[in-house]
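# A structural walkthrough
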Amino acid sequence: MASPTSAPIDLSAAFGMVPTGLSDWLVVLPPTLMIGLGAIVMMIRHRTRLHAMIALPGLALLVLIDAALLWKVVAGGPVTMVMGRWLPPFGIAFTVDIFGALMALAAAIAALAAGIYALDDINEGGRRYGFYPFLLLLMAGVSGAFLTGDIFNLYVWFEVLLISSFGLLILGSEREQIDGALKYAILNLLGTTFFLIAVGYLYAIFGTLNMADIALRVRDIGNAPLMTLTALFVLAFAMKSAAFPVNFWLPASYHTPRITVSALFGGLLTKVGIYALMRVVVMLFPLQREELSLVIGGVAVLTMLVGALGMLAQNDLRRMVGYAVIAGIGNILAGIALGTVTGIAGAVLYALHSILAMTALYLVVGRAAALSHTWSLGAAGGLYRLAPGFAFLSLALFLAVAGLPPFSGLWPKIMLVKAALDVGAWWMAAAILVSGFLSTIALARVFLLAYWRPASEPQVASGIGTRPRRQRWATVPIVALVAIITLFGLFPEVPLNLSQSAAEGLLQPSAYIQSVFPQGAAP
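Residues numbered from 1 in each chain as written. Predicted model: local features only at pLDDT ≥ 70, side-chain atom pairs only at ≥ 80, totals over all residues. Heavy atoms only, no water.

Using the criterion set out here, one finds 5 salt bridges in the structure. A salt bridge links arginine 258 to aspartate 121; its shortest N-O distance comes to 3.0 Å. One end of the pair, arginine 258, is in the loop between helix H10 (249-253) and helix H11 (259-284); the other, aspartate 121, is in helix H3 (residues 98-121), with 137 residues separating them in the sequence. Residue classification places aspartate 121 among the buried residues on the basis of a relative accessible area of 12%. The partner of lysine 418 in a salt bridge is aspartate 422, with the nearest N and O atoms 2.9 Å apart. Linking lysine 418 with aspartate 422, this pair stays in helix H18 (residues 410-422), spanning 4 residues, or about one helical turn. The class of aspartate 422 is exposed, set by a relative accessible area of 51%. (Salt bridge = Lys/Arg side-chain N within 4 Å of Asp/Glu carboxyl O. Helix = DSSP H or I, 4+ residues; strand = E, 2+ residues; numbered from the N terminus. Buried < 20%, exposed > 50% of the residue type's maximum accessible area, 1.4 Å probe, protein only.)

This part covers the layout of surface pockets. Roughly 350 Å³ of internal volume is contained in the second largest pocket. In terms of lining residues, the second largest pocket is bounded by 14 residues, among which Leu70, Leu102, Leu105, Ile109 and Phe488 are the most central. For the lining of the second largest pocket, the secondary-structure elements that each account for two or more residues are helix H2 (49-76), H3, helix H15 (341-372), helix H21 (475-490) and helix H22 (493-507). Sort the elements by how many residues they give to the lining of the second largest pocket and H3 lands first, with 4 residues. (1 Å grid on protein atoms, 1.4 Å probe; cavity = no way out; pocket = protein on both sides within 12 Å on 5 of 7 lines; lining within 4 Å. Points joined across faces, edges and corners; volume = space filled by probe spheres on them.)

Below, the discussion takes up the packing of helix H6 (residues 151-169) against H11. Viewed as axis vectors pointing N to C, H6 and H11 meet at an angle of 165°, and their least axial separation amounts to 12 Å. Classified by the angle between their axes, H6 and H11 sit roughly antiparallel to one another. Between H6 and H11 lies a crossing whose hand is left-handed. Of the residues in H11, those touching H6 at Ile151, Leu154, Phe158, Leu161, Ser165, Leu168 and Leu169 are Val261, Leu264, Phe265, Leu269, Val272, Gly273, Ala276, Val280 and Leu284. Broken down by class, the residue content of the contact of H6 with H11 amounts to 14 nonpolar, 2 polar and no charged. (Axes fitted to C-alpha atoms, helices over the stretch in contact; angles between N-to-C directions. Parallel < 35°, antiparallel > 145°, perpendicular 65-115°, else oblique. Left-handed = near helix turned anticlockwise from the far one by under 90°. Contact = heavy atoms within 4.5 Å. Nonpolar A, V, L, I, M, F, W, Y, C, P; charged D, E, K, R; others polar.)

Relative to the 46 Å expected for 32 residues at 1.5 Å per residue, H15 spans 45 Å between its end C-alpha atoms, a close match to the ideal helical length. In terms of residue burial, H15 counts as a mostly covered element, since 29 of its 32 residues are buried. (Expected span 1.5 Å × (residues − 1).)

The residue alanine 402 is located in helix H17 (residues 388-402) in this model. For alanine 402, a relative accessible area of 5% translates into the label buried. Sequence separation of alanine 402 and threonine 270 is 132 residues, and the distance between their C-alpha atoms is 19 Å. The residues contacting alanine 402, other than those within four sequence positions of it, are Lys413, Gly436, Thr440 and Leu443.

Another aspect to go through is a nonpolar patch on the surface. On the surface, a cluster of nonpolar side chains totalling about 500 Å² of accessible area is made up of Leu294, Leu421, Trp426 and Trp427. Judged by its relative accessible area of 33%, tryptophan 427 is partly exposed. (Patch = residues over 30% accessible without salt bridge, like charges linked within 9 Å, V, L, I, M, F, W, Y side chains within 5 Å. Areas by Shrake-Rupley, 256 points an atom, 1.4 Å probe, with all protein chains shown as cover.)

Locating threonine 256 in the fold gives a position in the loop between H10 and H11. Here the side chain of threonine 256 touches serine 253 through a polar contact of 2.6 Å, landing on its backbone oxygen. Ignoring any residue separated from it by four or fewer positions in sequence, one finds threonine 256 in contact with Leu169, Glu176, Gln177 and Gly180. (Polar contact = N/O pair within 3.5 Å; in protein donor to acceptor, adjacent residues only side chain to side chain.)

Phe233 and Tyr451 are the most contacted members of the largest nonpolar core, which totals 194 residues. With sequence-adjacent residues up to four places away left out, tyrosine 451 is seen in contact with Val364, Ala368, Gly382, Leu383, Tyr384, Phe390, Ala391, Ser394, Phe398 and Val446. (Core = buried A, V, L, I, M, F, W, Y, C linked by side-chain atoms within 4.5 Å.)

For the bond from phenylalanine 244 to proline 245, the omega torsion is 5°, close enough to zero to count as cis. Within the secondary structure, proline 245 sits in the loop between helix H9 (226-241) and H10. The omega torsion across proline 405 and proline 406 is 5°, close enough to zero to call that bond cis. Looking at the element boundaries, proline 406 is found in the loop between H17 and H18. Residues other than glycine seldom take positive phi values, yet alanine 242 does so here, at roughly 65°. Mapped onto the elements, alanine 242 comes out in the loop between H9 and H10.

On to the pairing of strand S1 (residues 79-82), then. Here S1 shows a buried face lined by Val79 and Met81 and a second buried face lined by Thr80 and Val82. Where S1 and strand S2 (residues 93-96) come together, 4 bridges link them in antiparallel fashion. Paired with valine 82 across the bridge in S2 is alanine 93. (Pairing = 2+ DSSP bridges.)

Turning to helix H5 (residues 131-147), a few remarks are in order. Between its terminal C-alpha atoms H5 stretches 24 Å, which fits the 24 Å expected from 17 residues at 1.5 Å a residue. Across the 17 residues that make up H5, a large majority, 15, are buried.

Along the chain, alanine 368 falls in helix H15. For the pair alanine 368 and leucine 317, spaced 51 residues apart in sequence, the C-alpha separation works out to 9.3 Å.

With respect to the secondary-structure elements, serine 253 resides in helix H10. Among the polar contacts listed, one links the side chain of serine 253 to the backbone oxygen of tryptophan 249, at a separation of 2.7 Å.

So, on to the packing of H17 against helix H19 (residues 426-452). Axis separation between H17 and H19 bottoms out at 9 Å; the angle between their running directions is 165°. In this view, H17 runs roughly antiparallel relative to H19, as classed from their interaxial angle. Here H17 runs over H19; the crossing is right-handed. In contact with Phe390, Ala391, Ser394, Leu395, Phe398, Val401 and Ala402 of H17, H19 contributes Gly436, Thr440, Leu443, Val446, Phe447 and Tyr451. Split into classes, the residues belonging to the contact of H17 with H19 amount to 10 nonpolar, 3 polar and no charged.

This is the structure we're talking about:
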């Protein structure tokens, strides 16, 4: 009888044999930290005084981790960590480049600002029902989506953030919230279904879900129906980004929860959809993106114009900000449609600006409503006399959202207009300018009516324009966000250079691929 072989098994063909460097753990630390802290806060859910004491330092630590990760990527290029030390594409890869690190850092700053604002905005009942655990789990999903290198893993992180967002949306269980949650849930679940179908279709074609592996294989795919696949992804992510014509759910739902939750949603959730769209159609399917560029460009123009006109038509401050989010999505889609380095860089920079500006804008209108005791623009007035410092912050933010100097919204619009004119797309450049002009009028209308117009006698008699109870924390995140937006506008060199590098990495993903498959290790 033959004796069993004693030859050693060569594991190097399947596993990474070199221990993972300590700094490489930064790639997976953000979602891991958020999940861990979310579980801890959930376990002490009845001790609501401790929730903020755990969540806010955790979010501050998340900002520092994402900043360190961005520094590492800028200094050394994209970083990859594969779960279980399995070699890609079999192991689930977390791969971060400049684009992902920038988006993760901006999202962490916005979440920290919202968490601080919630100290005054979210009452005891909201904390007891899980505001801070939901916030932490939401950031786990957002961070994971920005840092993953596997497209099915991207779908999983979408599910994590969606589950958390459902919980935040119905916090309080008011009739209006349930109505908004139903519209939000149906459209987002439909978009998620299209996303899952596209992922299955993708695996059937390529036999892999690793993004770097797909970027390698797409060059050699022959007659595969990649246009159909790309169109499915565009439709799925357009729904999640609130692009026209599948954007009606956003203004119908984002005005229903607490304003802190609206700020999180307006700043973060649509940007995760935009990030996924850029990652897939720009990096993985560039030829198909070029074929669909006219369609995406048309959607971009309609999205930004519908958003700007919606801002003009609204009398409810929360609904108006929802349409401002939609107008910003149109500008980002314009950069994707153009597809040049300048266009993609403008889209990346606008996405970063929008994360911070839309979060701040929701917080500003929330503070304005608290001061004037109304969400109605027609009923508000006298805010400049009541709180001149806050009025100055609001005006600076309105100028930034409108894309006027000297704030951060100016530079991405300049880049997008230049990119459009460079390729002869004058109609897109005109739409960007017209949308910005209409947004300026809408925001000027808010300032003139709610801030500059004196409070009338009936308003004073009803309590509008009188000073509410002191809020210790509400102004702090607004000041911080407006300061960042102003600094980026006055000193744009760093964000411009980083956005340019992010665009080059998307259009020429050789460094991204090299991070996942070192020389000679590609399948």
